[in-house]
Amino acid sequence: ELGPYRHFMQKEIHEQPRAVSDTIEAVIDNNGFGPELFGDKAAEVFDAIDAVKILACGTSYYAGMTAKYWIESIAGIRCDVEIASEYRYRDIVANPKELIVTISQSGETLDTMEALKYAKSQGMEQTLSICNVPESAIPRASKIVYYTRAGAEIGVASTKAFTTQLVALFTLACTLAKVKGRLTAEQEHGYLEELRALPGSVQHALNIEPQIIAWAEKFAPKHNALFLGRGVHYPIALEGALKLKEISYIHAEAYPAGELKHGPLALVDESMPVVVIAPNDQLLEKVKSNIQEVRARGGEMFVFADLDSNFSEAEQVHVIRTPRHTGVLSPIVHTIPVQLLSYHTALAVGTDVDKPRNLAKSVTVE
Ligand code: F6R
């Protein structure tokens, strides 16, 4: 079953061009975005809402955080993201015009399920589940469903489920934009082209694995790591830190790079590697000045840049470039290097990659 791979996690990381391609297939076949992609009841659901609330746990929550940037900028609809285990136990201000979006690979996560039930009990009837397992509990409890087509995910650490969730959420953002009359034909064409190019861009990112292995050797003996990103790449920094801690047991934290001087900069010294997600976007110059702050404190930086982000190697600054500039879908492409970094670091540390200690694949208890 593993084929040429040593672990399911490695296999699943490498399956992502296929997983992403299967998940975008419906959009490509449809030759555009639209409620029909979300089933028969979707047109009515999308008409009835004027805000989005995303509920999820763990990696799925980070997919939701990424989606907030897309939904607010592309669709112009207010979007909040909340950890399911928090939402379910607090007093909320009900908004029946809010689309409740749950994201779950397994479709069985108890806290996400309970958060959904709670929202429904408070009068939120418009519910969408983004899920990888057909007919699991959460999609069954939701009015409309969008299935990611990652295929069975066996490694405990979520990889291909995350990138396909991002594809589904981008599709949601574009569809909401279309329904609300905010998507020009030209924009729709542009986003479709970006989706079409995505499997190839993911494959290109996988091809940088040998360079990442060299970095992983340096990470393995460390006890801490810091991940930085800004804007839509901040959730990818969070995902990178979660992946590293869960499979290599190295303590890692992520911050939006602009927060550095509000506290975490005090942690930076020669023994703290700092991973920076820095593709060329409108925040790149800001990220560069954040990097200078780290450098001035003796920190060693590991920067994931893209073809366009005119970064140069320097003392204490290592750079790996993803081979394309991928625009609005860049967070999907830049997930690949952080997955590979955590995988190869865990290999070097010698942990049980597919079954990290204390964790379960499907969390059906509180
Ligand atoms: C991390 C990981 C977990 C899950 C979380 C939610 O790699 O896999 O954080 O993302 O337990 O699981 P689902 O998506 O099944 O609800």
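Quick caveat: nothing in here was measured; it's all calculated off a predicted structure.

1. Points about the sheet that holds strand 1 (residues 51-56)
- Reading across the sheet, the five strands line up as 2-1-3-4-5 and stay open at both edges, with parallel pairing between neighbours. Each edge of the open sheet is held by one strand with a lone partner, namely strand 2 (78-83) and strand 5 (144-147). Adjacent strand axes in the sheet meet at a mean angle of 20° when their direction is disregarded.
- Pairing geometry for strand 4 (residues 127-131) and strand 5, over four bridges, is parallel. Note on strand 5: the bridge partner recorded for isoleucine 130 is tyrosine 146.
- Helix 6 (residues 110-121) rests against strand 1, strand 3 (98-104) and strand 4 of the sheet, and its axis sits at about 165° to strand 3.

2. Here we look at unusual backbone geometry
- For asparagine 31, which is not a glycine, the phi torsion comes out positive at approximately 55°.
- Among the secondary structure elements, asparagine 31 is positioned in the loop between helix 2 (16-30) and helix 3 (42-47).
- With a relative accessible area of 54%, asparagine 31 lands in the exposed category.
- Phi is positive for asparagine 358, close to 70°, though the residue is something other than glycine.
- Here asparagine 358 is to be found in the segment after helix 14 (335-349).

3. Notes on the site of the ligand
- What surrounds the ligand is a group of 13 residues, the closest being Ser60, Ser104, Gln105, Thr109 and Glu246.
- One of the backbone N or O atoms of threonine 59 is found 3.1 Å from an oxygen atom in the ligand.
- One nitrogen or oxygen atom from the side chain of serine 106 is found 2.7 Å from an oxygen atom belonging to the ligand.
- Relative to its unbound accessible surface of 410 Å², the ligand loses 89% to contact with the protein.
- Looking at the shell around the ligand, the elements with two or more residues in it are helix 4 (58-75) and helix 11 (234-248).
- At three residues, helix 4 tops the list of elements feeding residues into the shell around the ligand.
- Considered class by class, the residues forming the shell around the ligand number three nonpolar, eight polar and two charged.

4. Section: helix 9 (residues 185-206)
- End to end, helix 9 covers 32 Å across 22 residues, agreeing with the expected 32 Å (1.5 Å per residue, within 8%).
- Its maximal kink placed at leucine 198, helix 9 deviates by approximately 40°, while the proline proline 199 follows within four residues.
- Those residues of helix 9 that sit buried are Glu188, Tyr191, Leu192, Leu195, Leu198, Pro199, Ser201, Val202, Ala205 and Leu206.

5. A word on the packing of aromatic side chains
- Scanning the model with the defined rule gives 10 aromatic pairs in all.
- Ring geometry for phenylalanine 33 versus phenylalanine 170: centroids 6.5 Å apart, planes at 80°, classification edge-to-face. Taken as a pair, phenylalanine 33 in the loop between helix 2 and helix 3 and phenylalanine 170 in helix 8 (residues 160-179) lie far apart in primary sequence, 137 residues in all.
- In this structure phenylalanine 170 comes out as buried when scored by relative accessible area, which is 0%.
- On the numbers, 5.3 Å between centres and 75° between planes, the contact of tryptophan 70 with phenylalanine 170 is edge-to-face. Note that tryptophan 70 is positioned in helix 4 and phenylalanine 170 in helix 8, a separation of 100 residues in sequence.

6. Focus: the sheet that holds strand 9 (residues 300-306)
- Across the sheet, which stays open at both edges, the five strands sit in the order 7-6-8-9-10 with parallel pairing between neighbours. At either end of the open sheet lies a strand with only one pairing partner, and these are strand 7 (251-256) and strand 10 (317-322). Neighbouring strand axes in the sheet, compared pairwise and without regard to direction, differ in orientation by 20° on average.
- Summarising the sheet, strand 6 (residues 224-229) and strand 8 (residues 273-277) pair through three bridges and their orientation is parallel. Paired with leucine 228 across the strands is valine 276, a residue of strand 8.
- Set on the sheet, helix 14 makes contact with strand 6, strand 8, strand 9 and strand 10; between it and strand 9 the angle comes to about 140°.

7. Digging into the nonpolar core
- By size, the foremost hydrophobic cluster in this structure holds 87 residues, and its most contacted members are Ile71 and Phe227.
- With 11 residues, the single largest contributor to this core is helix 8.
- Apart from the residues lying within four places of it in its own chain, the contact partners of phenylalanine 227 are Ala237, Gly240, Ala241, Leu244, Ala252, Glu253, Ala254, Tyr255, Val275 and Val338.
- Grouped together as the second largest cluster of nonpolar side chains are 20 residues, Val274, Leu284, Met301 and Ala305 included.

Here is what the cut-offs are and how they apply
Residues numbered from 1 in each chain as written. Predicted model: local features only at pLDDT ≥ 70, side-chain atom pairs only at ≥ 80, totals over all residues. Heavy atoms only, no water. Pairing = 2+ DSSP bridges. Helix = DSSP H or I, 4+ residues; strand = E, 2+ residues; numbered from the N terminus. Axes fitted to C-alpha atoms, helices over the stretch in contact; angles between N-to-C directions. Contact = heavy atoms within 4.5 Å. Buried < 20%, exposed > 50% of the residue type's maximum accessible area, 1.4 Å probe, protein only. Near = heavy atom within 4 Å. Polar contact = N/O pair within 3.5 Å; in protein donor to acceptor, adjacent residues only side chain to side chain. Areas by Shrake-Rupley, 256 points an atom, 1.4 Å probe, with all protein chains shown as cover. Nonpolar A, V, L, I, M, F, W, Y, C, P; charged D, E, K, R; others polar. Expected span 1.5 Å × (residues − 1). Bend = angle between axes of the 7 residues up to and from the residue. Phe/Tyr/Trp six-rings, centres within 6.5 Å; stacked < 30°, edge-to-face > 60°. Core = buried A, V, L, I, M, F, W, Y, C linked by side-chain atoms within 4.5 Å.

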